[in-house]
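Secondary and tertiary structure notes
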Amino acid sequence: MRRPRLRRTTAALVTLVAAAALTACGDSGSGTDSGSDALDAPGAEVLEKATDKTTIEFWHAMKGANATAVDQLVADFNAQSGGKVEVKAVFQGSYDETIAKYKASVQQKSTPALVQIYDIGSRFMVDSKQVVPMHKFIEKDGFNAADIEPNIASYYSVDGKMWSMPFNSSTPLLYLNKEAFERVGLDPTKPPSNLTEIGDLAKKLTVKDASGKTVQYGFGAAIYGWLLEQLLATDGKEYCDNGNGRTGLASKVQFDQETAVRVAQWWTDLVKGGYATNTGRKTDDAQAAFKAGTVAMHLESTSVLRGYVDAAKGKFTVLTAPYPKVSSSSTGGPIIGGASLWINGVGHGAKEKRAAWEFVKFASTPVQQAKWHTSTGYVPINAKALDEQIDKDWMAKFPQFRTAVDQLHALPPSVASAGCLLGVMPQARKASEDGLEAAIVGSKPADQAMKDAATSVQGAIDSYNKSVS
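Summary of the structure given here. (Residues numbered from 1 in each chain as written. Predicted model: local features only at pLDDT ≥ 70, side-chain atom pairs only at ≥ 80, totals over all residues. Heavy atoms only, no water.)

Quick look at the packing of helix 3 (residues 65–80) against helix 16 (residues 366–376)
A packed helix pair is summarised by two numbers, namely the angle formed by the two axes and the spacing between the axes. How we decide: A fitted line through C-alpha atoms serves as each axis, taken over the contacting stretch for helices, and the angle formed by two N-to-C directions is quoted from 0 to 180°. We count a stretch as a helix when DSSP gives it H or I for four or more residues in a row; a strand needs E for two or more, and each element gets its number in order from the N terminus. Reported orientations rely on four angle classes, namely roughly parallel under 35 degrees, roughly antiparallel over 145, roughly perpendicular from 65 to 115, and oblique for the rest. The crossing is said to be left-handed when, going from far helix to near helix, the turn is anticlockwise and less than a right angle, and right-handed when the turn is clockwise. Throughout, a residue-residue contact means that at least one pair of heavy atoms, one from each residue, lies within 4.5 Å. Residue polarity follows a fixed list, in which Ala, Val, Leu, Ile, Met, Phe, Trp, Tyr, Cys and Pro are nonpolar, Asp, Glu, Lys and Arg are charged, and the others, Gly among them, are polar.
With their axes 9 Å apart at the nearest point, helix 3 and helix 16 run at an angle of 160 degrees to one another. In terms of orientation, helix 3 lies roughly antiparallel with respect to helix 16. Of the two elements, helix 3 crosses helix 16, and the hand of that crossing is right-handed. Of the residues in helix 16, those touching helix 3 at Ala65, Asn66, Ala69, Val70, Leu73 and Asp76 are Gln368, Lys371, Trp372, Ser375 and Thr376. A per-class count over the contact of helix 3 with helix 16 returns five nonpolar, four polar and two charged.

What follows is the structure, given as structure tokens:
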């Protein structure tokens, strides 16, 4: 599932951060925990001793096939809970809409016990002082977190401790139209590994009809900031300062650095030369072009793989390859995307917090993660899910699903691949898209476009940091 863009103003965001911090210190309502006690991790005995059923809400942003998988996961958990717990899954719209509703619920002191928040909302969730850090439950139960994929766990960790549990984790891939390669005499089993190679192949894969109209472009992708973040990470470059915001609050973004300018210029040259299509920022449009067979190479998340395979059936064969590096000398790797699960402490009693944790544990088991992987395309967060027979059978049938897993295992965690923790990361991502688009459409030189884009988000960063310092 793509990560939509947040369009709330900086002032509104700062107000909500301040409100969240104040709420954490104030009264949270009759019969519920408040203050520091709310951020404790209760033991299992609170549910064992309960005489009635504990019902909690789980807010999520999954839709389509992914929503169906969520509903099945919840149904399976409720069925095995022995009547002690009932989880009610509530769809809240897109990622942006979900976090906006969550922020409103903080002000209204009516947060859900469990909420799914996209990756770039992590800094806000930590600063909100609303949640029980996941590591407290892990430590309380002696939960074995070693089975959680290290590269995935690192994104949602601060100072080496997990604050949320990864849920739907994605990694970017290079998608290929097998038949498009074969029609021009190229071997699709030898995919390009860096931007230069993609550019060279894009020229060979661009096809025009007798009238000179382009009927197939060699390359196409949405002007999506997440893709730029990934390319910076594959080059070992950090998106923001202070150790990608992990050794202190990030005080600036760094997508005006040489690597980012190089990416912007590469993309601009392909579009200008007629070898790449420009479908704009909307990922749905870029996805539609690939599914229609009018784009031979395409960058997107592994989360769309199941949909791509289904859409291409009978038309062409979808192949996957590792996400490209910027150059042949790049030694980094991509960042985890998707979302994670956060347990709210303020306004929720011990039974609700424990119930939320029991569901989180259930969702993280190998069996459930194997079902989730095969139903959606998201990477299983539990490494042992790959040993489940359902997963083995699925990847034998659809080897395209193995690429993301192999890519995840190929690189040790690093500061660059952990991603940037920034309170206004959604605004930063949009700003990077402003820069990319300005370069691609030719309104500014690539270096000026990326410099202006980085400068444009500085005020938002300063305001956020001031509000939480």
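There's plenty left to go through after this.
Here we look at helix 15 (residues 350–363)
Residues lying three or four places apart along an α-helix face the same way, a consequence of the helix completing one turn every 3.6 residues. Worth spelling out the cut-off: Expected helix span is taken as 1.5 Å per residue step, with the number of steps being one fewer than the number of residues. A simple rule labels every residue: compare its accessible area, found with a 1.4 Å probe on the protein chains alone, to the largest value its type can have, and call it buried under 20%, exposed over 50%, or partly exposed in between.
A rise of 1.5 Å per residue sets the reference length of helix 15, with its 14 residues, at 20 Å; its end C-alpha atoms lie 20 Å apart and thus fit the reference within 8%. Within helix 15, burial applies to Lys353, Arg354, Ala355, Ala356, Trp357, Phe359, Val360, Lys361, Phe362 and Ala363.

Observations regarding the packing of helix 10 (residues 225–234) against helix 12 (residues 258–272)
Where helix 10 contacts helix 12, the axes come no closer than 10 Å and their chain directions differ by 125 degrees. When the interaxial angle is binned, helix 10 and helix 12 end up oblique. By crossing handedness, the relation of helix 10 to helix 12 is classed as right-handed. Contacts between helix 10 and helix 12 involve Leu227, Leu228, Leu231 and Leu232 from the first element and Thr259, Ala260, Val263 and Trp267 from the second. Residues that form the contact of helix 10 with helix 12 fall into these classes: seven nonpolar, one polar and no charged.

With respect to the environment of Phe219
Within the element layout of this structure, Phe219 appears in strand 10 (residues 214–220). Considered as a pair, Phe219 and Asp310 are 91 residues apart in the sequence and their alpha carbons are 21 Å apart.

Section: the pairing of strand 12 (residues 295–301)
Quick reminder of the rule: Strand pairing is defined by DSSP finding a minimum of two bridges between the two strands.
Burial within strand 12 is extensive, with seven of its seven residues counted as buried. Sheet topology places strand 8 (residues 172–177) next to strand 12; five bridges connect them, and they run antiparallel. Counted as the bridge partner of Leu173 is Glu300 from strand 12. Relative to strand 12, strand 10 is paired through three bridges, and the arrangement is parallel. Its bridge partner being in strand 12, Tyr217 is matched across the sheet by Val295.

Structural notes on the pattern of salt bridges
Pairing between side chains of opposite charge can happen when the charged atoms of each approach one another. Under the convention used in this document: What counts as a salt bridge is simple: a side-chain nitrogen of Lys or Arg found within 4 Å of a carboxyl oxygen of Asp or Glu.
Scanning the entire structure with this criterion turns up 20 salt bridges. Note that Glu139 is salt-bridged to Lys161, the shortest N-O span being 3.8 Å. Of the two residues, Glu139 sits in helix 6 (residues 134–141) while Lys161 sits in strand 6 (residues 161–162), which places them 22 residues apart along the sequence. A relative accessible area of 47% means that Glu139 is categorised as partly exposed. In this structure, Asp141 engages Arg354 in a salt bridge whose closest nitrogen and oxygen atoms are separated by 2.9 Å. Here Asp141 is found in helix 6, whereas its partner Arg354 is found in helix 15, with 213 residues between them in sequence. Within this structure, Arg281, Lys430, Glu433, Asp434 and Glu437 form a network of salt bridges that share partners.

So, the environment of Ala404
With respect to the element layout, Ala404 can be found in helix 18 (residues 402–409). Remark: the alpha-carbon pair of Ala404 and Ser303, spanning 101 residues in sequence, is separated by 9.8 Å. If near-sequence neighbours (up to four positions away) are discounted, Ala404 is found in contact with Thr171, Leu173, Thr302 and Val379.

Bear in mind that shape data such as this cannot, by itself, settle questions of function.
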